[in-house]
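Geometric and topological summary
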Amino acid sequence: MQKKLSDLFSNWDQLNTAANEWQNRTLAEAFQQDTNRAARFSVTAAGLQLDYSKNHVDENTLSQLVAAAEQADLSGAIKRLMRGDHVNNTEDRPALHSALRYLGEASTEEEKAVAATLEKMAGLIDSVHSGEWKGYTGEKITDVVNIGIGGSDLGPRMVTKALTPFHTGHVNVHFVANVDGAEIYDLTRKLNPASTLFLVASKSFSTLETLENSLTARKWMLDSGCAQDQLKHHFVAISSKVDKAVEFGIDAENVYPLWDWVGGRYSLWSAIGMPIAFAVGMENFNKLRAGAGAMDQHFATAPLDKNIPVLMGLLMFWYSNFLGTDTQAILPYAYHLQLLPAYLQQLEMESNGKSVTRDGVKVDYQTGSIVWGTEGTNGQHSFHQLLHQGTTMVPIDFIATLQAHHPIAHQHKYLFANCVAQSQALMTGRDLATTEAELRAAGVSEEEIASLAPHKVHPGNRPSNVILMEKLTPETLGALIAAYEHKVYTLGVLWNINSYDQWGVELGKLLGTHIANAITTTDIPGDWDSSTQTLVRKFNEANKSL
Ligand SMILES: O=P(O)(O)OC[C@H]1O[C@](O)(CO)[C@@H](O)[C@@H]1O
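Computed from a predicted model, the values in this text were never measured in an experiment. (Residues numbered from 1 in each chain as written. Predicted model: local features only at pLDDT ≥ 70, side-chain atom pairs only at ≥ 80, totals over all residues. Heavy atoms only, no water.)

Some remarks on the overall build of the protein
- Of the regular secondary structure elements, the protein holds 21 helices and 11 strands.
- A compact globule built from 546 residues would reach a C-alpha radius of gyration of about 24 Å, and the protein, at 26 Å, matches this within 12%.
- In terms of principal-axis extent, the alpha carbons of the protein reach across some 80 × 60 × 60 Å.
- By the burial criterion, 51% of the 546 residues in the protein qualify as buried.
- Considering only intrachain contacts with a sequence separation of at least 6, the fraction spanning at least 24 residues in the protein is 75%. (Helix = DSSP H or I, 4+ residues; strand = E, 2+ residues; numbered from the N terminus. Rg over C-alpha atoms; globule rule 2.2 N^0.38 Å. Buried < 20%, exposed > 50% of the residue type's maximum accessible area, 1.4 Å probe, protein only. Contact = heavy atoms within 4.5 Å.)

Observations concerning the site of the ligand
- Taken together, 13 residues sit near the ligand, with G151, S152, S202, S204 and T207 positioned nearest.
- Between the ligand and the protein, one listed contact pairs an oxygen atom with a backbone N or O atom of G151 at 2.7 Å.
- The separation between an oxygen atom of the ligand and a polar side-chain atom of S152 is 2.6 Å.
- For the ligand, whose free accessible area comes to 390 Å², the fraction covered by protein is 86%.
- Residues of the shell around the ligand, tallied by class, amount to two nonpolar, eight polar and three charged. (Near = heavy atom within 4 Å. Polar contact = N/O pair within 3.5 Å; in protein donor to acceptor, adjacent residues only side chain to side chain. Areas by Shrake-Rupley, 256 points an atom, 1.4 Å probe, with all protein chains shown as cover. Nonpolar A, V, L, I, M, F, W, Y, C, P; charged D, E, K, R; others polar.)

Observations concerning the UniProt feature "active site" (unreviewed entry) in the protein
- In the UniProt entry, the feature "active site" (unreviewed entry) is given for E350, H381 and K509. The greatest C-alpha distance among the annotated residues, which extend across 160 residues, is 36.7 Å, indicating that they are dispersed rather than converging on a single site.
- Here E350 is in contact with R265, Q345, D501, Q502 and V505, once residues within four sequence places are set aside.
- For E350, the side chain forms a polar contact with the side chain of R265, separated by 2.8 Å.
- Within the element layout of this structure, K509 appears in helix α20 (residues 506–521). (UniProt positions renumbered as here; feature names shortened; annotations may be inferred.)

As for the packing of helix α6 (residues 74–82) against helix α12 (residues 274–301)
- It is at 9 Å that the axes of α6 and α12 come closest, and there the two elements cross at 140 degrees. Relative to α12, α6 is oriented oblique. Residues I78, L81 and M82 of α6 form the contact with α12, whose own contacting residues are D296, F299 and A300. (Axes fitted to C-alpha atoms, helices over the stretch in contact; angles between N-to-C directions. Parallel < 35°, antiparallel > 145°, perpendicular 65-115°, else oblique.)

Notes on the nonpolar core
- Counting 117 residues, the largest nonpolar core has M121, M274, F278, F317, W318, L477 and L480 as the members making the most contacts within it.
- Ranked by residue count, the leading element in this core is helix α19 (residues 474–495), at 13 residues.
- When residues of this core are assigned to domains, at least three map to each of domain 1 (26–32 + 40–71 + 302–427 + 463–497) and domain 2 (97–288).
- Non-local contacts of L477, meaning those with residues more than four positions away in its chain, are made with V159, A162, L163, L288, L337 and L472. (Core = buried A, V, L, I, M, F, W, Y, C linked by side-chain atoms within 4.5 Å. Domains from an automatic or database assignment.)

Structure follows, in structure tokens:
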């Protein structure tokens, strides 16, 4: 028996009627009819402003969407998330990432564990930054390499890049994720083992990529002359499986704990965020946590129709389930936010790419959308053509800052202007009559106008949010990330799916191991499909020495 979304919401028909009404109305008309539209459909909290006025919503749509959220008991679900109920039902655990950025004194058991870990982490950062921590030859550490993948890489990597203006310059921070040896090989060729510290970041401490890269790093260190008993000066681990890290050979003193109640893709606020703290210092890391904490407070207390993450979630629910979209673009107009789309791909798609409800019943409705994007203005000279004139509608999040960190003011003006112009052009478009009139005014012949004008029409009526902040700081970045985390949960609640497990990645991992074994033993099972057999055989022939 499939689960129908229409069974979950008694106002399903009203929502569909509202969606149909938008077939005969445009966003441009909505702006003409209501000069106060931008103010009416904007919310400010935790240093962020969400302007969602260029979306296919009006007050009726919004109240229907909020009514749907109430029927899904979103308010209750938020309470359950924040107080540590086992919202991750398939793994029977809480998803308490909000406890990682608690504000004020640590009071719960989880917060106290976080406080103790952060204090220990602060000691490490301090000792490396000050040069007190020495490598095996007595040199100070100049380079820190995070070895991790997925949630143990994307968040720290994205934030480290995003906060470039806050880098203290004490150490260079690098990231290695891919099992492709090219990544670690290229990096280590540029580094001096005697002044390199590796952070092995793995919640499970069983991830192939991370273990293989760590073994390679250890060999590189030993080959350079580091004695076995000196490795402790070059390896630190962050894991919820402390015993496995120790078994792997990391000194017990150097293992920083993580907990089962933190999901991998929600963990950058824990010791998994160590590379961030190495880059920007502990004070800025704590400001990042505080920014997220402020967004947590907002999510937990603001009414649903004035709640940034809830609105972001309701809008995606609206587009995905009523207006037929299946992708969403993240377009940060901030060079330093260039890794945000990649980070959000894991956050959104690993969380909400599910086909069964929390109770395991197959759904008949669309869940998580495909997330993609790049930094503005680069995308304008690449895929924006499709956004403006293609046949598919893509809801967009534009992210912009009012002020830059650099002093090149005129470039920041152009950056901001382009962001606003894209959002405006997608909404207003340019119809045939206007296009023809413009061509006529430019002296183009009627014959040419007839052939050219259709190509120059911009349909418009394409939706976008603009998320605005004064400046990209640790606090505003923390709030931005937490807003997306809670948007994901909001969608999970509306779709009645578990946003905190990721069973879909397991089969590929398992088959990867089987195929690696077939490569090692050259024993290719005859019942494998012919494509797989042929590919493995080709690899074995090309690598006879393996
Ligand atoms: O931190 P770990 O346990 O090495 O896992 C890395 C990543 O692998 C996954 O489990 C699956 O790809 C992610 O959810 C996780 O972030």
